[in-house]
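Structural characterization, general
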Amino acid sequence: MDRLRLGINVDHVATIRNARGGDNPDPVRAALAAEAAGADGITAHLREDRRHIRDADMAAIREAVSIPLNFEMAATDEMARIARATRPHAVCLVPEKREERTTEGGLKVAGDANRLTDYVAPLAEMGARVSLFVAPDPRQIEAAARVGAAVVELHTGTYCDAVAAGELQVAADELTRLTEAARLAAEAGLEVHAGHGITYDSVGPLAAIPQIVELNIGHFLIGEAVFRGLDGAIVEMRRRMDLARDVVA
Ligand code: PXP
């Protein structure tokens, strides 16, 4: 199998910075460290409430790194304007609720198809790979292909939470849904990514799904960096991904 791409989400470096105000730790420095550790891309989510990444961070990361930037955002007019100014390699559209702790579910593409078709087209025309963050649900995947997305990112949160809780049957059922969803998406001509909640314990079976070409991982790695350094945390994730796909580094 081909080597998977690993996108590193640096949002939570900004979460720690913002807890104290000031400039430390710097998400741009984290993005550069991730690049040096072998990351294939950097993901950052500019939330409406700016609770972690801020506008200036997004612009500075875009400027600093040589690997692709994946701009995660809600499908709002404000974010479309900022994405146009930032010109990222990719835009990942996610649902956003102010009261949530993290992105809780996937986009309801099927129920919002007309608006999303109009929203995706200009982003794609400016050259961004447009990705929709969806649950592993056939309806949402079929709708993602219809609205003109190039990519779907499958929400792995339910699977990863079940692995963490030791709920083996839930994890197995959810892995089956993810496997089927990846197959369906690839058949529909979509590139398949996956992410949310991935840890060392949950990465292997996800990395082994053949249609998935990219994993985006943030919170666990930023936490693990406290113990191993960011470089060590990323190298170990990379090792587990390669092992699952039988890639010799
Ligand atoms: N992919 C998407 C679309 C996300 O919204 C997130 C969380 O911001 C991630 C990946 C990374 O999730 P985590 O931080 O749990 O690894």
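Look above for the structure.
Here's what I pulled together on the structure shown here. By convention here, each chain's residues receive numbers from 1 onward along its written sequence. Reporting of local features is limited, given that this is a predicted model, to residues whose pLDDT is at least 70; pairs of side-chain atoms are given and counted only at 80 or more, and all residues count toward the totals for whole chains, interfaces and linings. The side-chain figures draw on all heavy atoms in the structure; neither hydrogens nor water molecules are used.

**Considerations on unusual backbone geometry**
Where we set the bar: We count a stretch as a helix when DSSP gives it H or I for four or more residues in a row; a strand needs E for two or more, and each element gets its number in order from the N terminus.
Backbone torsion omega between N24 and P25 reads -10°, so that peptide bond is classified as cis. The residue P25 is located in the loop between α1 (11-20) and α2 (27-36) in this model. Located in the positive-phi region is R50, a residue other than glycine, with phi close to 50°. Among the secondary structure elements, R50 is positioned in the loop between β2 (41-45) and α3 (55-64). Not every positive phi belongs to a glycine, and H196 is a case in point at roughly 115°. Here H196 is to be found in the loop between β7 (191-195) and α9 (200-207).

**A short note on the pattern of salt bridges**
Rule in force here: Any carboxyl oxygen of Asp or Glu that lies within 4 Å of a side-chain nitrogen of Lys or Arg is treated as forming a salt bridge with it. Note on classification: 1.4 Å probe, protein chains only; a residue is buried when its accessible area is under 20% of the maximum for its type, exposed when over 50%, partly exposed between these limits.
Scanning the model with the defined rule gives 17 salt bridges in all. In this structure, R5 and E214 form a salt bridge, with 3.0 Å as the shortest nitrogen-oxygen distance. Placement of R5 in strand β1 (residues 5-9) and of E214 in strand β8 (residues 212-217) is noted, with a sequence separation of 209 residues between them. For R5, a relative accessible area of 33% gives the class partly exposed. For E214, a relative accessible area of 12% puts it in the buried group. Where R50 meets E78, a salt bridge forms, and the shortest distance between an N and an O atom there is 2.7 Å. Here R50 is found in the loop between β2 and α3, whereas its partner E78 is found in helix α4 (residues 77-86), with 28 residues between them in sequence. One salt-bridge network, in which partners are shared between bridges, spans R3, D40, R238 and D242.

**Some points on the pairing of β1**
Rules: Strand pairing is defined by DSSP finding a minimum of two bridges between the two strands.
Across the five residues that make up β1, a large majority, four, are buried. Across three bridges, β1 lies against β2 in parallel orientation. Within the sheet, the bridge partner assigned to I8 lies in β2 and is I42.

**Some remarks on the sheet that holds β8**
What counts is decided by this rule: As a rule, the C-alpha atoms of each element are fitted with a line to give its axis, helices using only the stretch in contact, and angles between N-to-C directions run from 0 to 180 degrees.
If you trace the eight strands once around the closed barrel, you get β1-β2-β3-β4-β5-β6-β7-β8, paired in parallel fashion. Averaged over all pairs of adjacent strands, the angle between strand axes in this sheet comes to 25°, irrespective of strand direction. Two elements, β1 and β8, share four bridges in a ladder whose sense is parallel. Residue pairing for β8: I8 is matched across the bridge by I217.

So far we have only geometry, and geometry alone does not tell us how the molecule works.
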